[in-house]
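# A look at the structure
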Amino acid sequence: MAPTLQQAYRRRWWMACTAVLENLFFSAVLLGWGSLLIILKNEGFYSSMCPAESSTNTTQDEQRRWPGCDQQDEMLNLGFTIGSFVLSATTLPLGILMDRFGPRPVRLVGSACFTASCTLMALASQDVEAQSPLTFLALSLNGFGGICLTFTSLTLPNMFGNLRSTLMALMIGSYASSAITFPGIKLIYDAGVAFVVIMFTWSGLACLIFLNCTLNWPIEAFPAPEEVNYTKKIKLSGLALDHKRLSQKAPSLEDGSDAFMSPQDVRGTSENLPERSVPLRESLCSPTFLWSLLTMGMTQLRIIFYMAAVNKMLEYLVTGGQEHETNEQQQKVAETVGFYTSVFGAMQLLCLLTCPLIGYIMDWRIKDCVDAPTQGTVLGDARDGVATKSIRPRYCKIQKLTNAINAFTLTNLLLVGFGITCLINNLHLQFVTFVLHTVVRGFFHSACGSLYAAVGPHTPDTPRLVDGFPSNHFGTLTGLQSLISAVFALLQQPLFMAIVGPLKGEPFWVNLGLLLFSLLGFLLPSYLFYYRARLQKEYTANGMGPLKVLSGSEVTA
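Residues numbered from 1 in each chain as written. Predicted model: local features only at pLDDT ≥ 70, side-chain atom pairs only at ≥ 80, totals over all residues. Heavy atoms only, no water.

For the protein, an unreviewed UniProt entry supplies the name Solute carrier family 43 member 1 and the organism Gorilla gorilla gorilla. Regarding the protein, the UniProt comment filed under Subcellular location (unreviewed entry) reads as follows: "Cell membrane". The UniProt entry for the protein carries the following comment under Sequence similarities (unreviewed entry): "Belongs to the SLC43A transporter (TC 2.A.1.44) family." (UniProt positions renumbered as here; feature names shortened; annotations may be inferred.)

Below, the structure written as structure tokens:
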């Protein structure tokens with residue numbers, strides 16, 4: 001029943017469009033936690049931990065008002081901590097499973113888990129006093145199902161040639177923007193639709209993902225452009241050539257060709273290509289990777305903690321840390337916090353713009369660069385000695401390092417600005433905080449992935465002139481980085497407990513500590529600056545100055 005790779009290639013636009021929508025509404029939706037938290041508290045999840053309130057009588061037509069307390073907030077936040085940990089930490093085993101079985105079974109399992117998550121949440125809402133613990137399982141399945149959908153969708157851009165980077169940015173952007181889903185659900189919930197109806201409907205829609213994957217996703221993995229044959233379409237009526245090789249050449253997707261060949265057809269040719277074997281240990285111990293672990297872990301903690309505590313921070317800004325006894329005052333605080341939470345959720349759509357922007361920064365002027373000196377062509381050796389472009393070309397390796405420095409410096413500056421606005425007790429200023437948080441969240445994942453492609457493994461003693469880590473290390477490095485970042489993010493639970501406990505709702509000291517911690521993010525671009533200087537010095541020492549080297553593509557015959 002599964003389609004072949006050739007059939008999947010013909011359906012690639014349908015698969016890409018549906019994958020963007022599926023990412024937007026079913027992937028990292030847990031990151032819209034602020035809105036979901038309000039819904040869960042209104043439904044009475046873990047309200048049994050709070051002392052009963054002596055409220056006025058309510059009629060059957062009125063919604064029951066459940067008591068709330070700090071213990072309830074801590075338990076629900078623990079569920080979010082576990083769910084967000086699963087969302088980030090499972091990328092490493094998922095990468096291994098995808099390498100072994102392909103994206104199809106992983107996506108099927110992910111859609112089934114998401115369906116089960118919504119179903120469990122709906123069932124738990126029918127008896128919250130007894131079934132509130134089901135939220136832990138539901139949130140864990142939500143995170144696991146979401147990352148399965150996201151991770152598998154990142155293989156689709158392999159079939160789009162020159163549009164590969166654009167499609168990749170859309171996939172990452174739709175994943176990051178999925179935090180808008182729960183704010184949208186809250187609007188439906190506030191309109192009077194029952195929570196159980198919303199969850200069962202969402203569960204039914206998730207079943208469509210399972211059906212779409214069953215009908216359109218092939219068993220085999222989508223090969224990378226360098227692993228497949230794309231040739232011009234040959235129209236031969238009535239002749240089946242699926243089992244034959246159409247060409248002995250292996251042009252890339254960027255050549256504008258449009259026919260698809262299975263990776264088995266070119267395995268023989270790809271095996272003949274010489275590659276330098278880089279041990280995984282060398283990649284794992286490289287300074288670039290180690291500094292990226294610190295930067296990503298710190299940023300992940302900062303981002304996830306704000307998502308978990310944004311409601312408490314807004315509540316403190318509204319109340320000034322004072323208790324409000326009357327129901328009218330409490331209702332006004334709840335409405336104000338709900339409004340700002342909805343605005344924060346709506347701003348997550350900015351990720352659709354910020355993800356391509358950081359990709360543009362990482363790709364800045366790369367097309368104007370020449371290859372590394374070892375691959376360059378000396379001007380004097382050109383057949384005519386005529387160059388079509390500037391005699392002072394940029395080295396591709398140096399330009400990639402420069403772009404990475406600019407991207408991470410900008411991201412860290414925005415993160416510091418975000419930390420500063422968090423310290424200022426001004427409610428209206430939080431709109432700026434929302435924007436900065438969303439931009440940073442869209443930047444740092446894309447920047448880190450591009451960093452691994454731009455800067456290869458090297459040691460201070462033997463800097464290497466290779467462009468990026470080996471492709472067979474990407475899954476392991478990315479997965480390990482996500483796992484360690486998820487471990488860092490677990491610290492947000494004790495930080496949250498400190499706010500609702502000893503600090504009595506005041507987030508200033510926690511935010512100040514995180515601001516100082518975020519300054520460590522500048523260590524990565526500082527190291528890259530140092531490495532770029534060493535590399536430039538090595539180029540000069542080898543006598544390969546920019547005046548002497550031109551790319552072969554920039555010399556006309």
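### Some words on the overall build of the protein
Looking only at helices and strands, one finds 22 helices and 4 strands in the protein. Put simply, the protein has 557 residues, and 51% of those count as buried. Considering only contacts within the protein whose residues lie at least 6 apart along the sequence, 85% involve residues at least 24 apart. In the structure as shown, the protein presents an accessible area of about 25700 Å², 61% of it carried by carbon and sulfur atoms. (Helix = DSSP H or I, 4+ residues; strand = E, 2+ residues; numbered from the N terminus. Buried < 20%, exposed > 50% of the residue type's maximum accessible area, 1.4 Å probe, protein only. Contact = heavy atoms within 4.5 Å. Areas by Shrake-Rupley, 256 points an atom, 1.4 Å probe, with all protein chains shown as cover.)

### A look at the state of the cysteines
With the rule as written, the count across this model stands at 1 disulfide. Cys50 shares a disulfide with Cys69; S-S distance 2.1 Å. Measuring the twist about the S-S bond at about -80°, one finds the Cys50-Cys69 disulfide to be left-handed. Here Cys50, found in the loop between helix H3 (33-43) and helix H4 (70-89), pairs with Cys69, found in the loop between H3 and H4; they are 19 residues apart in sequence, far enough to count as distant. Comparing Cys50 with Cys69 shows no difference in burial state: the two are buried. (Disulfide = S-S within 2.5 Å.)

### Quick look at the confidence of the model for the protein
When pLDDT is averaged across the protein, the result is 77; 75% of the residues are at 70 or more. Counted against residues more than four places away or in other chains, residues 374-390, with its pLDDT under 50, gives 25 contacts. (pLDDT = per-residue confidence, 0-100.)

### A word on the environment of Ala221
Residue position: Ala221 is located in the loop between helix H11 (195-216) and helix H12 (267-271). Taking relative accessible area as the criterion, Ala221 reaches 40% and is therefore assigned partly exposed. Separated by 118 residues in the primary sequence, Ala221 and Pro103 place their C-alpha atoms 6.1 Å from one another. Not counting chain neighbours up to four residues away, the residues in contact with Ala221 comprise Leu5, Gly102 and Pro103.

### Brief notes about a nonpolar patch on the surface
On the surface, Met1, Leu205, Leu208, Leu211 and Leu215 cluster together into a nonpolar patch covering about 530 Å² of accessible area. Mapped onto the elements, Leu205 comes out in helix H11. (Patch = residues over 30% accessible without salt bridge, like charges linked within 9 Å, V, L, I, M, F, W, Y side chains within 5 Å. Salt bridge = Lys/Arg side-chain N within 4 Å of Asp/Glu carboxyl O.)

### Details of the packing of aromatic side chains
Going through the model one piece at a time under the given rule, you end up with 16 aromatic pairs. Judged by centre distance (5.7 Å) and plane angle (80°), the ring pair of Tyr306 and Phe344 falls under edge-to-face. Pair noted here: Tyr306 is in helix H14 (residues 287-319) and Phe344 is in helix H15 (residues 327-346), with a separation of 38 residues, a long-range link. Considered together, Tyr306 and Phe344 belong to a single accessibility category, that of buried residues. A ring pair is formed by Phe344 and Phe434, whose centres lie 5.0 Å apart and whose planes are at 50°; its orientation type is tilted. Of this pair, Phe344 sits in helix H15 while Phe434 sits in helix H18 (residues 430-454); the two residues are 90 residues apart in sequence, bridging distant segments of the chain. Residue classification places Phe344 among the buried positions, given a relative accessible area of 6%. (Phe/Tyr/Trp six-rings, centres within 6.5 Å; stacked < 30°, edge-to-face > 60°.)

### A short note on the side chain of His437
Relative to the helices and strands, His437 resides in helix H18. Sequence-distant contacts of His437, defined by excluding residues within four places in its chain, comprise Ile303, Tyr306, Met307, Phe344 and Phe418.

### A short note on the nonpolar core
Grouped together as the largest cluster of nonpolar side chains are 53 residues, with contacts concentrated most on Phe305, Tyr306, Phe434 and Leu528. Listed by contribution, the elements that provide at least two residues to this core are H14, H15, helix H16 (351-362), helix H17 (396-423), H18, helix H20 (492-500), helix H21 (508-518) and helix H22 (523-541). (Core = buried A, V, L, I, M, F, W, Y, C linked by side-chain atoms within 4.5 Å.)

### Section: the pattern of salt bridges
Scanning the model with the defined rule gives 4 salt bridges in all. Residue Glu22 is joined to Arg107 by a salt bridge in which the shortest nitrogen-to-oxygen separation is 2.4 Å. Of this pair, Glu22 sits in helix H2 (residues 12-26) while Arg107 is found in helix H6 (residues 103-124), placing the two residues 85 residues apart along the sequence. Of the two residues, Glu22 and Arg107, neither departs from the other in class, the shared state being buried. Ionic pairing is found between Asp73 and Lys312, a salt bridge with its closest N-O pair at 3.0 Å. Residue Asp73 is found in helix H4, and its partner Lys312 is found in helix H14; the two are separated by 239 residues along the sequence. Taking the relative accessible area as the measure of exposure, Lys312 reaches 15% and is therefore buried.

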